[in-house]
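Commentary on secondary and tertiary structure
The residues making up each chain are set out below.
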Amino acid sequence: MADLSVQGPSIWVVSDGRAGIERQSLSLARALAAPERAAKLAHIRSDAHRDAPLRLTPSGWMTRLRPDFWPAPLAALPPDQRALLVPPWPDVWIATGRRSIAYSRWLKRASAGATLVVQTQDPKVSLSNFDLVIPPEHDALTGANVFPILGPPTWWSPEEIAAAQARFPELGADPGPRVLVSVGGDSKTHRMSDPAAARVEYAIRTAAAQAGKLWITVSRRTPDAMRTRLRLLAEETGARFWENQDRDGPNPYLAWLASCDAALVTEDSANMLADPAFFGKPVHLMKLEGGSPRFDRLHRGFIDRHAARWHAGKIETWSYPPIREAERAADEIMRRLLARRPAPA
């Protein structure tokens, strides 16, 4: 009988559906499936391939417990999601987010250890529940199965980048230097107070006087008043502004990242820092109110790698090797998978 299984390892991406959370697992999975790694893993065949991420949204009393105390994780899922957790099990399970932890633990047992269970971030439970944990360095987590990386695992394929740039050909006509401006907002550690908002607006206006073109975007955490101020600022300075698809059309963020000459970002987001660093773009950090030792370590990590500097009123350009930690993490996943499933001689 012909072997109908699909070449290459099966990879299940698991999250609670939040875009920022899911992106971490997706980035690792896509980096693992990149051609240079796929060639080394081509001997693995599987019947468990999935095209879409597995989005699990548990609810009920168990979600109030620590993830390693859930007595019956499947019972917390809607029936349609529960029905997805059936064999054949994947070769690799990559999960992100606190509510995925109970299912990573469950899958490790259900697969009898056959699945390589990977968890991103610090799960804050025993590391023995996972085969590999990939936290950011600023979490300061250590262990035999821990592989720390600088910031979040950011990754895009060359094809994705080229397609994004092709969708926005008008960017090529913008005068340089072209500066991507990413503005965050209120979080557990930072606050867009009125004084902070004024400082950020002043920094952006100063950058507009130095740049050929600003490309400004905001996050879901940006206060409404700041969104309005930045939209008006963009109109006054001739900058491009993107907030959401309904109001501003297709999202140009990836094209902006690939095509900008420098980035100016608020300090409150690991992704807003790591994204331009993936392309080797100089990153200027703007202060908000608040902070934490954890974010201090994050900033120091990128500054020490010459990717970022604190904004001091001037947009500068410099060069450094692009920071592509998802590729390094994918290499570690591949190494551990090949230890289990070596290629035939």
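Look up: the structure comes first, before these words.
The sections below set out a description of the structure shown in this document. Keep in mind that this is a model prediction, so the values were computed, not measured.

What follows is about the overall build of the chain. A count of helices and strands for the chain gives 12 helices and 15 strands. Expected size for 345 residues packed as a compact globule is a radius of gyration near 20 Å; at 21 Å, the chain falls within 12% of this value. Dimensions of the chain along its principal axes, counting C-alpha atoms only, are 65 × 45 × 40 Å. In the chain, which comprises 345 residues, the proportion classed as buried is 54%.

Another point: the environment of R297. Note that R297 resides in helix α11 (residues 293-304). Take R297: its relative accessible area is 40%, and that puts it in the partly exposed class. Taking the C-alpha atoms as reference, R297 lies 9.8 Å from L150; in sequence the two are 147 residues apart. Polar contacts involving the side chain of R297 include one to the main-chain carbonyl oxygen of H138, which spans 2.7 Å.

Another aspect to go through is the sheet that holds strand β12 (residues 262-266). Read across the open sheet, the 6 strands follow the order β11-β10-β8-β12-β13-β15; overall the sheet is parallel. Strands at the two margins of the open sheet, each flanked by one partner only, are β11 (240-242) and β15 (308-310). Pairwise comparison of adjacent strand axes, ignoring direction, gives a mean angle of 20° for this sheet. Where β12 and strand β13 (residues 283-286) come together, 4 bridges link them in parallel fashion. When the bridges of β13 are listed, L264 appears paired with H284.

This part takes up the packing of aromatic side chains. Counted under the stated rule, the structure contains 8 aromatic pairs. With a centroid separation of 6.3 Å and 45° between ring planes, the pair formed by W12 and W93 is classed as tilted. On the criterion of sequence distance, the pair formed by W12 in strand β2 (residues 11-15) and W93 in strand β5 (residues 92-95) is long-range, its members being 81 residues apart. Taken together, a centroid distance of 6.0 Å and an interplanar angle of 25° make the contact between W215 and W256 stacked. With a gap of 41 residues between them, W215 in strand β10 (residues 213-218) and W256 in helix α9 (residues 253-259) connect regions that are remote in the sequence. Considered together, W215 and W256 belong to a single accessibility category, that of buried residues. Here the aromatic cluster, defined as three or more aromatic residues joined through ring pairs, consists of W12, W89, W93 and W106.

Relative to the 20 Å expected for 14 residues at 1.5 Å per residue, helix α1 (residues 19-32) spans 20 Å between its end C-alpha atoms, a close match to the ideal helical length. The buried fraction of α1 is high, at 10 of 14 residues.

Once that is clear, we can look at the sheet that holds β5. Strand-to-strand pairing in sheets goes through backbone hydrogen bonds, with the strands running parallel or antiparallel. With parallel pairing, the 5 strands of this open sheet are ordered in space as β4-β2-β5-β6-β7. The open sheet terminates on both sides in strands that have one partner only, identified here as β4 (54-55) and β7 (132-134). Where β2 meets β5, 4 bridges bridge the pair, whose relative direction is parallel. Within the sheet, the bridge partner assigned to V13 lies in β5 and is I94. Sitting on the sheet, α1 touches β2, β4, β5, β6 (116-120) and β7, and the angle it makes with β2 is about 170°.

On to the environment of A144. Along the chain, the position of A144 falls in the loop between β7 and α5 (158-167). C-alpha separation for the pair A144 and D131, spaced 13 residues apart in sequence, amounts to 9.6 Å.

On to the pairing of β10. Of all 6 residues in β10, 6 are buried; the element is thus mostly enclosed. Burial of the side chains of β10 extends over both faces: K213, W215 and T217 are buried on one face and L214, I216 and V218 on the other. Across 3 bridges, β10 lies against β11 in parallel orientation. By the bridge assignment for β11, T217 is matched with W242.

Let's shift gears to the pattern of salt bridges. This structure, assessed with the given rule, holds 28 salt bridges. Close ionic contact of K108 with D131 constitutes a salt bridge, the shortest N to O distance being 3.6 Å. Of the two residues, K108 sits in helix α4 (residues 101-110) while D131 sits in the loop between β6 and β7, which places them 23 residues apart along the sequence. Judged by its relative accessible area of 14%, D131 falls in the buried class. Sharing partners across several salt bridges, the network here consists of D224, R227, R231, E243 and D248.

Counted residue by residue, strand β8 (residues 178-183) has 6 buried out of 6 residues, so it is predominantly covered. Residues R178, L180 and S182 of β8 are buried on one face, and the alternating residues V179, V181 and V183, pointing to the opposite face, are buried as well. Pairing analysis gives 6 bridges linking β8 to β10, with the strands arranged parallel. Bridging across to β10, R178 finds its partner in K213. By the bridge criterion, 4 bridges tie β8 to β12 in an arrangement that is parallel. Along β12, the bridge assignment pairs V179 with A262.

Calculation notes
- By convention here, each chain's residues receive numbers from 1 onward along its written sequence.
- Since the coordinates come from a predicted model, pLDDT governs what is reported: local features require at least 70, and pairs of side-chain atoms require 80 or more to be given and counted, while whole-chain, interface and lining totals use all residues.
- Only heavy atoms go into the side-chain values, all of them from the structure, while hydrogens and water stay out.
- A run of DSSP states H or I qualifies as a helix once it reaches four residues; a run of E qualifies as a strand once it reaches two. Both are numbered from the N-terminal end.
- We compute the radius of gyration from the C-alpha atoms alone; for a globule the expected value is 2.2 Å times N to the 0.38, where N is the number of residues.
- Throughout this description, buried means an accessible area under 20% of the type-specific maximum (1.4 Å probe, protein chains only), exposed means over 50%, and partly exposed covers the range between.
- Under this definition, polar contacts are N or O atom pairs within 3.5 Å; protein pairs additionally need one hydrogen-donor-capable and one acceptor-capable atom, and for neighbouring residues in sequence, both atoms have to be side-chain atoms.
- A pair of strands is treated as paired once DSSP finds two or more bridges between them.
- Inter-axis angles, ranging from 0 to 180 degrees, are taken between N-to-C directions of lines fitted to C-alpha atoms, where helices are fitted over the stretch in contact.
- Only rings of Phe, Tyr and Trp enter the pairing, Trp through its six-membered ring, and a pair is recorded when the two centres are within 6.5 Å. The plane angle decides the type: under 30 degrees is stacked, over 60 is edge-to-face, the rest tilted.
- A helix is expected to reach a length of 1.5 Å times the quantity of its residues less one.
- We call two residues in contact when some of their heavy atoms are within 4.5 Å.
- Salt bridges, as used here, are contacts in which a Lys or Arg side-chain nitrogen is within 4 Å of a carboxyl oxygen on Asp or Glu.

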